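One-letter residues, chain by chain:
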Amino acid sequence: MQTLTVNIENDTLVDRVIWLLEHFKNDGVEIVAKEDLDDLKLLKATQQEETISFEEYLKNEN
């Protein structure tokens, strides 16, 4: 899979480009906002962290 980043400042043009790309979804094009991708990368980085129960968290919140 190849990744392409397109920066567009004009909101109207963004809507038009998204509209165009939507037509290629059936061919395998995936549209992801960079902000969403950054959030997913941060979330993935936390997957290996140890978790604690909510009750344990409340006991140690101070």
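Being a predicted model, the structure only gives us computed values, none of them experimental.

> Is there a simple way to think about helix α2 (residues 34–45) in this case?
An α-helical turn contains 3.6 residues, so any two residues separated by three or four positions project in the same direction. With 12 residues, α2 extends 17 Å from end C-alpha to end C-alpha; this agrees with the ideal 16 Å at 1.5 Å per step. Across the 12 residues of α2, 0 count as buried, placing the element largely on the outside.

> How should I be thinking about a nonpolar patch on the surface in this particular structure?
There is a patch of nonpolar side chains on the surface, built from Ile18, Trp19, Leu20, Leu21, Phe24 and Val29 and spanning about 530 Å² of accessible area. Considering the arrangement of structural elements, one finds Ile18 in helix α1 (residues 11–22).

> Quick question: what am I supposed to make of the environment of Lys25 here?
Take Lys25: it is sitting in the loop between α1 and α2. Taking the C-alpha atoms as reference points, Lys25 and Thr5, separated by 20 residues in sequence, lie 16 Å from one another.

> Where do I start with the layout of surface pockets in this structure?
Once rolled over the atoms, a probe with the size of a water molecule shows which space is left empty. The computed volume of the largest pocket comes to approximately 880 Å³. For the largest pocket, the lining is made up of 22 residues, of which Leu4, Thr5, Glu30, Ile31 and Val32 are closest to its centre. Elements that contribute at least two residues to the lining of the largest pocket include exactly α1 and α2. Of the residues belonging to the lining of the largest pocket, the class tally is 14 nonpolar, 5 polar and 3 charged.

> Just to check I follow, could you spell out the pattern of salt bridges for this structure?
Between side chains of opposite charge, a pair can form when the charged atoms approach closely. Tallying each qualifying case throughout the model produces 2 salt bridges. With a shortest N-O distance of 3.3 Å, Glu22 and Lys25 are connected by a salt bridge. A salt bridge links Lys59 to Glu56; the nearest nitrogen and oxygen atoms lie 3.3 Å apart. Taken together, the residues Lys59 and Glu56, both in helix α3 (residues 54–59) and 3 residues apart, mark about one turn of the helix.

Conventions we followed
Residues numbered from 1 in each chain as written. Predicted model: local features only at pLDDT ≥ 70, side-chain atom pairs only at ≥ 80, totals over all residues. Heavy atoms only, no water. Helix = DSSP H or I, 4+ residues; strand = E, 2+ residues; numbered from the N terminus. Expected span 1.5 Å × (residues − 1). Buried < 20%, exposed > 50% of the residue type's maximum accessible area, 1.4 Å probe, protein only. Patch = residues over 30% accessible without salt bridge, like charges linked within 9 Å, V, L, I, M, F, W, Y side chains within 5 Å. Areas by Shrake-Rupley, 256 points an atom, 1.4 Å probe, with all protein chains shown as cover. Salt bridge = Lys/Arg side-chain N within 4 Å of Asp/Glu carboxyl O. 1 Å grid on protein atoms, 1.4 Å probe; cavity = no way out; pocket = protein on both sides within 12 Å on 5 of 7 lines; lining within 4 Å. Points joined across faces, edges and corners; volume = space filled by probe spheres on them. Nonpolar A, V, L, I, M, F, W, Y, C, P; charged D, E, K, R; others polar.

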